[in-house]
Structures are given as C-alpha cells and as structure tokens.
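Reading the structure
What follows is each chain in one-letter form.
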Amino acid sequence: MTEDVSRGLADLNDLERALVDAARTGTSLTCGAADSGEPGETGDPSRSIRAQLLRELVLGRHGPVDPRGIRLTGARITGVVDLDNVAACAGMKLAGCSFEERVTAWNARLPWLDLTSSWLPGFRGNLIDVEAGLWLTGTVIVGSGSGGAVGLHSARVRGSLDLSYAQVVNDSGPAVRAIGLEVTGSVFMSGAELTGTGSPGAVQLFGAHIGGNLVMRSAKITNRSGKAFVAGQLRVEGNLNCEGVEASGDDFGGAVSLLGAHIGGDAYFRNTEITNRAGLALDLEHAHVVGKVFLLRSTLCSEPDGAGRCEDPTLVDLNGFEYGALESSPGQPVSWQDWLHIIRHHTKYYRPAPYQALASAERGAGHDGNVRRILIAQQKDLHQRAPDSLGNRSTRWFHWLWGALAGYGYLARRTAVALFLALITAGGLGAWAGQVAEGGHHVGERVSSFGSPVGLPCTTVELVGLGLDRGLPLAPTGVRARCDLNPDTNGAAAFTVAIWLLQAAIWGLATLALAGYTGLIRKPT
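Presented here is an overview of the structure given in this document. Everything numeric here is computed off the predicted structure, so don't read it as measured data.

Observations concerning the overall build of the chain
The secondary structure content of the chain amounts to eleven helices and 44 strands. At 38 Å, the chain has a C-alpha radius of gyration far larger than the 24 Å of a compact globule built from 525 residues. Burial statistics for the chain: of 525 residues in total, 51% are counted as buried. Sequence-distant contacts in the chain: of pairs separated by 6 or more residues, those separated by 24 or more amount to 68%. When the accessible surface of the chain is split by element, carbon and sulfur atoms take 54% of a total near 23,000 Å². Taking the 45 positively charged and 50 negatively charged side chains of the chain as two groups, their mean positions are separated by 6 Å.

In structure tokens form, the structure reads like this:
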C-alpha cells in the first residue's frame, strides 16, 4: 500500500493536491456547501476532482492514508469512481458530492463507505465487503438497468446499511437490488423514497440476512409495473418496522411480499398503506414472526367498525403465517374478532392455517370459548368459499346441517338441546296418535282392544311413553305391550313413518352429541 507516487496521476490540480494532503493527515477537506444536484446543472468546475484519484488514494499510490480515511465534502467528482476489486487501505466519506458517473465497487473490500447527501447516477456494489458500514443517508441516486440503481447483490456489510431519507429512482429496473445481502448490523430505510420499475420489484431483498433490525418507518416505495417490496426468505434477527410505510405496486403476487420470511423480534405494520391494482397487497404466506405483530384492522379495512364483508378489502395472504402474539399497540392485544374479520374478508381464498394459528393463540391465552367460535367460523368459511373440497351436494348439505345442529362438533350443548326437543316431539306424536279417532278406534290405543268393535283409550302417560318407546333407538320403555299404534287404522302408517324419521334424527343427534363431547369426529379443514 506504499506504491510510488509516479504510478498515480501526476498532473494534479490544486484541489486534488489538497485532497492528497488531507488524506495523508486524516483531515477533512471541504470544497464548499454540500451539493446534491446533478453535476451538469449545479456543479462548479473549480470544485472538480477526478474519480481516478479516489481509486489511487485507497490503493496507496499517493502515499500512506491516515486511518481516519478520505473525507471530502461538496466536491464535483468527474468520471467513473471505479473501485472494482479494490482492497482499500482506508475508508471514504464523500458527503454532499455530485458524481458525474456512477460509483462501482464490484467485489471491493472497503473499511467503510459514506456517500451521505450526495448525488450519483447509480451505485453498483455487488459482492462488496464493507467492514464497518455503508451510508447512503439522504443520497439522491438516479440509476438505470436491471441491476438496480443501488446494486448490492450478495454484498456483505459488517456494520449497518443506511438508506434513510435517500431518494432512489430507476425507470428501467429496481431501485434497490440486494438479493442475498448480508448485514451483521441493521438496515435503515426510514423516510426513503424508492421508485423502481418491472415485475421483480422496486426493492429486492430476497434471501437477505440482517443481524439487527430492518427499519423502514415512513418509507415510500413505488412500482407501477410490478411488486413494490420483495423480501421472500428474508431473515431479520431483530425487529421489522414498517410503520407508516406507503407501498404501491401492480403485480398479482402482491405489492409487499414477505413470503417465507423470518423475523426474530417483533413486526410493526401500524398505519401502513399498501395498494396493489392487481389484487394482493401483503403476502405473509409461511412467514414467521417470533415476537409480536402490531397490525391495526383499520390498516387493511376501510370499514373498521363494520361486522360484515368489506366493499373494497385490502387483500393479504396469511396461509402458514405464524406469530407469537397480536397487538394493536404495546400492551394492547388485537381483538380476535378483528383478526378473524381479516382472515375471512381480507384473504382471497379459504385456507385453514390462519384460523388454526388464531385458535392456537387464543387457546394459549386460555380463551376456550373464543377458540370454539374461531373454529366454527373456519367451517362456515370452508362451506362458503371452498365447497368443492367437501365433496358432492349431499355431503355439503350434511356439513351445513352438522353446523346448524351441532356447531360442527364445537357446540355439543346445542346438539343436546336438539336431542331433547326431538324426544319431546316423539312423546308428542304418541299423545297425538291417541287423539286421532277412526270408526270407534284410535290410532293409538290399548293393544287388548285392537279386535274389538270399540277401542279402549290409553292414558296420556301411556301415549307419551308409546312415542318415546318407538322413537328411542336403544331404550324401550315396555309400554307397547299395553298401548301401541293400531295397525288396522289408516293413520297408523303415517304415524309409523313419522316416528321412523324422528328415530333416525334422534340417532344422528345422539351421535353428534357423543362426538361433540368426545371428539370422535375429526373436523374437516
């Protein structure tokens, strides 16, 4: 790193010689007020420094560089800052500078890099390895191409990556493309305005690993021809903060996709506004939040106080979504009814997993009554949105009847009441049979008078016992030896058929009641 000066630029201007001296002594060189405008519009030629000199400085071609690094403010950088494959001897802070061409740092190894409040036409840092941190805070980056205005594919940052309040625009590709990014610290995008183009997404963090937090408070992410934010298989060891984020996309796969993401802390989605002209707004399929999820129903629902279907619901995918707890604010749990509303009315398709996850959370809190209501709602949704999975029409009808009479096995007391009413009906039929007269006989009368010209009536108790005896499947009362339906009367056949149907109903209700108490019937999902 102590190469001879003759190997570097020899025709340095006064400002460049001052930068070399500042780099050697570790002082900061200020060329003027910070300039974040395009060089062609606001640049001052007297503040120009050639990009080649920056490369030569970090390679040590102008002598040793102080450990405090190269610190430059308000300069106009001409040419391409080419740091490809560079193993830099010092870090660089180029704050408030205007870059004529993009910065490239492919496969570079840098102690740190700070481009705060600068203007540059693209940053390509694929495979870059930064030891301390990468700061693009408040930077304006107007790039192009499928590689991204900010390209950090498979990059490694051992400190933090800061894009807070940055303005990144790409009209022919993503704003930020950081697939496979690895950051040992945190990633900050709060207040950033990130605009990209194309189906893959405006911001791409697929497969990224962040050792700290991912903070995106009040960021604005826009893509009119694809996804806004794509972070499938993202792994964040800390918290995910998306409070106040405005994300708009146009892709059937979702405006914001966290498919299979893992969040080791809490996830904040309060006051988030996500729109997608193509449908799905937020994809949380198979995502896992170890801690709490902060999400207000009003974030997704235009009718936060309504109990029914929303007119224009914001759609989410919750299939396989796992979480530790649901809260609207610290210490304030989300109402299970609100989350149930989101599952039912803000998902495009019926899926059993979201219901089971909510039921599991309520069961863990000891709210068994809520668990039953959630699982009943799941069965109703199954019948309404996925009837074909139940089978043919008769199976669907039985599923509906099962719900009406037994609450799908979760309301056994309802079945017991229905069974009790069926028994009363059976007794009533027996009593009724004793009141129907035909030619001196009654449909229900004493057995000993069947062959007599005039029948002998049964007592009311005997007639009720007759109905129960014929209606009860397994518990005969023995009253039919004295009082029964006269087979010679016309009405006997009708009463017999009615009691057969009632007996079948009692059989079914008894089975459902037993299943409800013992769990013998497996609830369909």
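We are not done yet, so read on.
Considering the packing of aromatic side chains
Considering all chains together, one arrives at five aromatic pairs under this definition. With centroids separated by 4.5 Å and ring planes inclined at 5°, the aromatic side chains of Tyr268 and Phe294 adopt a geometry described as stacked. Of this pair, Tyr268 sits in strand β34 (residues 267-268) while Phe294 sits in strand β37 (residues 288-294); the two residues are 26 residues apart in sequence, bridging distant segments of the chain. With a relative accessible area of 16%, Tyr268 lands in the buried category. Residue class for Phe294 comes out buried when judged on its relative accessible area of 2%. Three or more aromatic residues joined by ring pairs make a cluster, and in this case those are Phe321, Tyr323 and Trp339.

Remarks on the sheet that holds strand β24 (residues 203-204)
Paired through their backbone hydrogen bonds, the strands of a sheet run either parallel or antiparallel. The sheet built from ten strands is open, its strands ordered β5-β8-β12-β16-β20-β24-β28-β32-β36-β38 with parallel pairing. Two strands in the sheet have a free side with no partner beyond their single neighbour: β5 (81-82) and β38 (316-317). Direction of pairing for strand β36 (residues 282-283) relative to β38: parallel, over a ladder of two bridges. Paired with Asp283 across the two strands is Asp317, which belongs to β38.

Re the pattern of salt bridges
For the structure on display, the rule yields 19 salt bridges. Across the pair Glu243 and Arg217 runs a salt bridge, and its minimum N-O distance is 2.7 Å. Taken together, the residues Glu243 in the loop between β30 (240-241) and β31 (246-249) and Arg217 in the loop between β26 (214-215) and β27 (220-223) connect sequence positions 26 residues apart. Linking Lys292 and Glu327 is a salt bridge whose minimum nitrogen-to-oxygen distance equals 3.2 Å. One end of the pair, Lys292, is in strand β37; the other, Glu327, is in strand β39 (residues 322-329), with 35 residues separating them in the sequence. We classify Lys292 as partly exposed; its relative accessible area is 33%. By sharing partners, the salt bridges in this structure join Asp11, Glu16 and Arg50 into a single network.

Observations concerning helix α8 (residues 393-406)
If you check α8, its first and last C-alpha atoms are 19 Å apart, about what 14 residues at 1.5 Å a residue would give, namely 20 Å. Restricting attention to buried positions, one finds in α8 the residues His399, Trp402, Gly403 and Ala406. One side of α8 carries all its buried residues, which in axial view fall inside an arc of 110°. Of the exposed residues in α8, the ones pointing more than 90 degrees away from its buried face are Arg393 and Trp397. Within two residues after α8, Gly407 carries a phi angle of roughly 60°, on the positive side.

Quick notes on the layout of surface pockets
Computed from the structure, the largest pocket encloses a volume of approximately 290 Å³. Every residue lining the largest pocket is counted, 20 residues in all, and those nearest its centre are Leu280, Val316, Asp317, Lys348 and Tyr349. Partitioned by chemical class, the residues of the lining of the largest pocket number eleven nonpolar, three polar and six charged.

Here's the deal with helix α5 (residues 336-345)
Residues spaced three or four apart along an α-helix point in a common direction, a consequence of the helix completing one turn every 3.6 residues. Among the ten residues in α5, eight count as buried, and that is most of the element. The complete set of buried residues in α5 reads Trp336, Trp339, Leu340, His341, Ile342, Ile343, Arg344 and His345.

Considerations on unusual backbone geometry
For Asn107, which is not glycine, the phi torsion reads 60° and is therefore positive. Position of Asn107 relative to the elements: it lies in the loop between β8 (103-104) and β9 (109-110).

Concerning the packing of helix α6 (residues 352-364) against helix α7 (residues 368-385)
Contact geometry for α6 and α7: axes closest at 8 Å, N-to-C directions at 170°. Taken together, the axes of α6 and α7 are roughly antiparallel relative to one another. On α7, the residues that touch Pro352, Tyr355, Gln356, Leu358, Ala359, Glu362 and Arg363 of α6 are Asp368, Asn370, Val371, Ile374, Leu375, Ala377, Gln378 and Asp381. A per-class count over the contact of α6 with α7 returns eight nonpolar, three polar and four charged.

What to know about the state of the cysteines
Inspection of every chain in the model, using the stated rule, returns one disulfide. With no disulfide of its own, Cys97 lies 6.8 Å from the sulfur of Cys31, the closest cysteine sulfur.

Conventions and cut-offs
Residues numbered from 1 in each chain as written. Predicted model: local features only at pLDDT ≥ 70, side-chain atom pairs only at ≥ 80, totals over all residues. Heavy atoms only, no water. Helix = DSSP H or I, 4+ residues; strand = E, 2+ residues; numbered from the N terminus. Rg over C-alpha atoms; globule rule 2.2 N^0.38 Å. Buried < 20%, exposed > 50% of the residue type's maximum accessible area, 1.4 Å probe, protein only. Contact = heavy atoms within 4.5 Å. Areas by Shrake-Rupley, 256 points an atom, 1.4 Å probe, with all protein chains shown as cover. Lys, Arg positive; Asp, Glu negative; His and termini not counted. Charge placed at Lys NZ, Arg CZ, Asp CG, Glu CD. Phe/Tyr/Trp six-rings, centres within 6.5 Å; stacked < 30°, edge-to-face > 60°. Pairing = 2+ DSSP bridges. Salt bridge = Lys/Arg side-chain N within 4 Å of Asp/Glu carboxyl O. Expected span 1.5 Å × (residues − 1). Arc of directions from axis to C-beta. 1 Å grid on protein atoms, 1.4 Å probe; cavity = no way out; pocket = protein on both sides within 12 Å on 5 of 7 lines; lining within 4 Å. Points joined across faces, edges and corners; volume = space filled by probe spheres on them. Nonpolar A, V, L, I, M, F, W, Y, C, P; charged D, E, K, R; others polar. Axes fitted to C-alpha atoms, helices over the stretch in contact; angles between N-to-C directions. Parallel < 35°, antiparallel > 145°, perpendicular 65-115°, else oblique. Disulfide = S-S within 2.5 Å.

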